[in-house]
Amino acid sequence: MNDLKKLWEPGYLITDQNYDGVPDHINTNFHIPEGLTPSGLIDFCARLGFETTALTFNFLNGNEKAAYQFDFAVNEEVTALKLNAETKRLSFYYRSEQELNGLLQFLACDWPAADTGKQPVKAIYFNNGEWWVEQGKRTPVASFASRENQTYPIQSLTELWEYDAFYSDSGPDPVQKQSLSIHVDKSVSQDIFLDVCYGASRIAMCSTILQLPLTNIQEQDAFVCVKHQNKEKAEIKLVEEQIKVEGKGRSLQHAVRYLLHGKHWREGGMVSFWERPDMEPKREEYVVSDLKWEGEKETDICLDLVRNHHCKAADEMTVFLSEPLSERRKIRHEIQKITGLENVNVYSSFKPIVSIVKEDWINSLKEAAADIGHIKFVCKEERNADGCELSIRWIQELYPLDEWIEGKLGLHKEAVTFELNNLQDPQVIMEVYKENGEMIFGKSILVPIRSMNYIDDRKRVYPVSNEVRWMVGGDVCERKPFSTDRQNFYHFYQTKVLNSFLIDLKTNEGQPLFDRIEVNVEMSEPEEKLFVEHERISSLEALHEDLYFNTLHFFDVHGRGQQAPGGVYPFMKVREGAAPKAHIKIYQTKDASNNQGGVVGLTFQDDDPLPQELIKDMEGVLKRENVPTYPVSIDTGRHVIRSNSSSYTWIPEQSYKGKWIPVYEWYTETDEIYLSRKKLSAYKPTILIEAGHHANEVSSRPALIELMNELSKSGSVKHFNVVAIPNANPDGYEIHQEMTRVNPEWKHHAARYNAVGLEYAEHRYRSTPFGEARVVPDIMHRWAPDVVIDNHGIPAHEWIQPFAGYNSPPRFPKSYWLPNALIYGIGRKLPGNNYGRQRHLLEKIQNHMMEKVQGTIFEERNEEWMSRYKKYGHQWLPDLFPVEQTGSLLFFTWETSPDSESHVAISRFPEWVSADIISEAADETVYGEDLKLCIEAQKVFNQSILDVISDKQSISKYQKGRFQIIERERPLLTKGEIVNEDTLTYRI
């Protein structure tokens, strides 16, 4: 530096030590004479802190290693700051501490001044409230009387340092404004005074708008007041929105350092550590209901019906049973022995059309295979006015027969077509044609149906049921319907278990009705892979889905909108040939609630840097408590995939069940002790990626870690900050791990929501007992990210719920019955011209993402799945099976209105969130190469978004009145957009 006008420019007192273009190091040191405590040094240190994003408390210790050295000397003639450019030494000369104080404040608040001329400034002089440079005119220092006295509605000392700022009384915002003031009593020792100077630098570092000076204010008006008092214990007291630190010696220093130097417990520090959720009393668990159900084997019922009602005139029998093929073959043999009939067919009553084609009609198809040019399935159009079923119910029943037939006969799947007919009685008619259109043969089937109440008691469902039929000459002469094991159990569950809650249903707003319902079921049911993608026939998986979603819907309807009734954990086991049974336990917890009260005081002793006592305001009554023992460090356990790249782990919350939810933060590494995330976001774009929100969507967690390891190795993190939640739903993750031990390839939607069945995203930004709902708001406070990415997944195979209309749950506005793509996206689009930049960014992301997948395996698989989706769903019910494509990429845009109460980031913060995007990969639940493909798809999706963001953003630093301000233009600039280079003053 050869000019004092450059005093606050980066590259001198403040440098960039990790070469990412962002100031992150205080490159100077102060040699302060013993006993010197000018209050203006607090302001000067605050300005140093404001100019950087990171610092360590070592610049006031006289260390000669720093590039620039400040020293102080008494001078009877002049008060000045003089620069020796060759030695990089800056010397303060002062006639009195009062004048030195004025010069330090002036430099902190108003330097460089506009009228210093073009010549380099080597010295700045100060006297009687005026400043001047060599051969310059004397100019009065601006008055500090215009200071904005901001009041802080602080209720508890535990609110300090919670969101990477000393105190924040506003919601999430890129702006961190501090107008606080500090008063230090002259009787305080120099060591404690310097500790306050360090604290001021840290407070300023964490600000994007800082009012200076912090000092020069009356004691009674200061927000923080440090005072020497001859008392045995030092105290930090909150008195009418003023923080008073009083005491003497070591105990006072401990109090000051706790207040201004301490890190919050979420960062592994000691501030407010007693509020860690793992230190709170645990909920006590107990069983409120223990029910067992056993049913008669449906195979036994079937054989009893055959014995007791056999029609001797019959020449053929057809039986429907919800049993695996091995059991149905045994029953067929038994019926043949009982009746003497040879022609006995025993079909599955779960996915019966697939069963019939695979086990019976395939023989006729194989015989005619050489002549077949086309197969048409004519399906009955479902028209039950009171039913939950879709009009294409019986087309759904066929899935995925076209591809199965292709594999067996070599007939292209496009030669297998569907048609709806509302007049026919059989649910399905198969017509087989030659190439010339001549019909070869036809077959039809009428499957047995049972009518049941849906969970809302308003609509009906019509699942396939069991039946024994006797036929003469192809006509039915006798039929005996009976229920499947699943129907019998589900009826018991619906009427005896769920309806029992209606008797004394009590809702406690925001709290679950019960802890969990565990349902353990064992049945003899079909469980078979079809070897078409991930498709399978699994009636117990369907029962799992019905139990979970229908229970949630039950409480939503009958519990007056209860969205978090409690956990529903259906555990299913297939036991071929076994009698059906179930064990249902309902658990409740006794909430060990503890009225914390606001902490308005802390006491310190000489021999311990931690507070000894808490003083709490319990509704107007002050209560003293001993501070508990400092706990062991936080162990995030096995619920997080570890990152090999450099990242900082921040731990803001615990889940409802008490599992830690770490947040990984990637930014250019620095050796400094303190760092401001909000200030980093003022310099560089910040991206938030949430993974594992729905825990059964398994690809997002490993994809996130792999992507960040790759970005870290390539150095891409220099251009932006990435904040990631690697396992947003640890309770769901644990449930999924437990359930996949028995049935590894099911979707397991019981692990989708949190531990009590809540879509916890909808509880963000409100008071909630669910820590998983607080993590994203915490990050929005701490980082104010520009882009929010939520990596999700969809089922990799068919989603059937026979007791909800054979479709995905009626609570969803769209159908998820079939996967529609390997990977697709959803972008929230703000309306109108006011948000043109955000809309433009979203469009660029869509187009770039489309280009990234073109010609890849992702595009190939997307087209395969989209063809299937259109054939079975979209062409019949386009509103329920929507398609919105950018080229070959499925990408939905959801019109999203600004709403300050919304839980959606771009809706709640439309002025500064640039994009809010969801990925969906077909990963419920996949393994091996299929999982690897989903992981790669998620990585490409996220990388596409990062690619579009420009590494040059418009950043401004300026002074307005008493405020120093740094701000970055929002929404984000994309690559190719013109940047105002004059605003890039921060680049080193």
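First, a word on what this report is: a plain description of the structure on this page. (Residues numbered from 1 in each chain as written. Predicted model: local features only at pLDDT ≥ 70, side-chain atom pairs only at ≥ 80, totals over all residues. Heavy atoms only, no water.)

This paragraph deals with the sheet that holds strand 47 (residues 963-968). Strand order across the open sheet formed by four strands is 11-13-47-46, with mixed pairing between neighbours. On the outer flanks of this sheet lie strand 11 (177-178) and strand 46 (955-960), each paired with one strand and no other. The sheet contacts of helix 1 (residues 40-50) involve strand 13 (209-211) and strand 47, and relative to strand 47 the element is tilted by about 5°. (Pairing = 2+ DSSP bridges. Helix = DSSP H or I, 4+ residues; strand = E, 2+ residues; numbered from the N terminus. Contact = heavy atoms within 4.5 Å. Axes fitted to C-alpha atoms, helices over the stretch in contact; angles between N-to-C directions.)

What follows concerns the sheet that holds strand 26 (residues 466-472). Sheet strands line up and pair through hydrogen bonds in the backbone, either parallel or antiparallel. The sheet built from four strands is open, its strands ordered 19-18-26-27 with mixed pairing. Either end of the sheet is taken by a strand with one partner, and the two such strands are strand 19 (344-348) and strand 27 (475-482). For this sheet, the mean inter-axis angle between neighbouring strands, taken without regard to orientation, is 15°. For strand 18 (residues 316-321) and strand 19, the ladder comprises five bridges, and the chain directions are parallel. Bridge assignment links methionine 317 to a residue of strand 19, and that residue is valine 344. This element, helix 6 (residues 325-339), spans strand 18 and strand 19 of the sheet and lies at about 150° to strand 19.

The subject of this paragraph is the environment of aspartate 315. Relative to the helices and strands, aspartate 315 resides in the loop between helix 5 (298-309) and strand 18. Each C-alpha atom, one on aspartate 315 and one on valine 497, is 44 Å from the other, the two residues being 182 residues apart in sequence. There is a polar contact of 3.0 Å between the side chain of aspartate 315 and the backbone nitrogen of glycine 473. (Polar contact = N/O pair within 3.5 Å; in protein donor to acceptor, adjacent residues only side chain to side chain.)

Now for the nonpolar core. Membership of the largest hydrophobic core comes to 137 residues, with the highest contact counts inside it found for Phe44, Trp111, Phe166 and Ile243. It is helix 3 (residues 190-205) that provides the largest number of residues to this core, a total of 10 residues. If sequence neighbours within four positions are ignored, phenylalanine 44 has contacts with Leu7, Trp8, Phe30, Phe70, Phe92, Leu104, Leu107 and Ala108. The next biggest cluster of nonpolar side chains, apart from the first, holds 56 residues, and it includes Ile353, Tyr399, Leu411 and Val464. (Core = buried A, V, L, I, M, F, W, Y, C linked by side-chain atoms within 4.5 Å. Buried < 20%, exposed > 50% of the residue type's maximum accessible area, 1.4 Å probe, protein only.)

What follows deals with the packing of aromatic side chains. Scanning the model with the defined rule gives 48 aromatic pairs in all. Ring plane angle 50° and centroid distance 5.0 Å describe the contact between tryptophan 8 and phenylalanine 44, whose orientation is recorded as tilted. With a gap of 36 residues between them, tryptophan 8 in the segment before strand 1 (14-15) and phenylalanine 44 in helix 1 connect regions that are remote in the sequence. By relative accessible area, which is 5% here, tryptophan 8 ends up buried. The class for phenylalanine 44 is buried, based on a relative accessible area of 0%. (Phe/Tyr/Trp six-rings, centres within 6.5 Å; stacked < 30°, edge-to-face > 60°.)

Further remarks concern helix 11 (residues 539-558). In this model helix 11 runs 27 Å from its N-terminal to its C-terminal C-alpha over 20 residues, within 8% of the 28 Å that 1.5 Å per residue would give. By the criterion of burial, helix 11 is predominantly enclosed, with 18 of the 20 residues buried. (Expected span 1.5 Å × (residues − 1).)

The subject of this paragraph is the packing of helix 13 (residues 700-714) against helix 19 (residues 928-948). It is at 8 Å that the axes of helix 13 and helix 19 come closest, and there the two elements cross at 50°. For the element pair helix 13 / helix 19, the angle class is oblique. Here helix 13 and helix 19 pass one another in a crossing that is right-handed. Across from Ser700, Pro702, Ala703, Glu706, Leu707, Glu710 and Leu711 in helix 13, the residues of helix 19 making contact are Ile935, Glu936, Gln938, Lys939, Asn942, Gln943 and Leu946. (Parallel < 35°, antiparallel > 145°, perpendicular 65-115°, else oblique. Left-handed = near helix turned anticlockwise from the far one by under 90°.)

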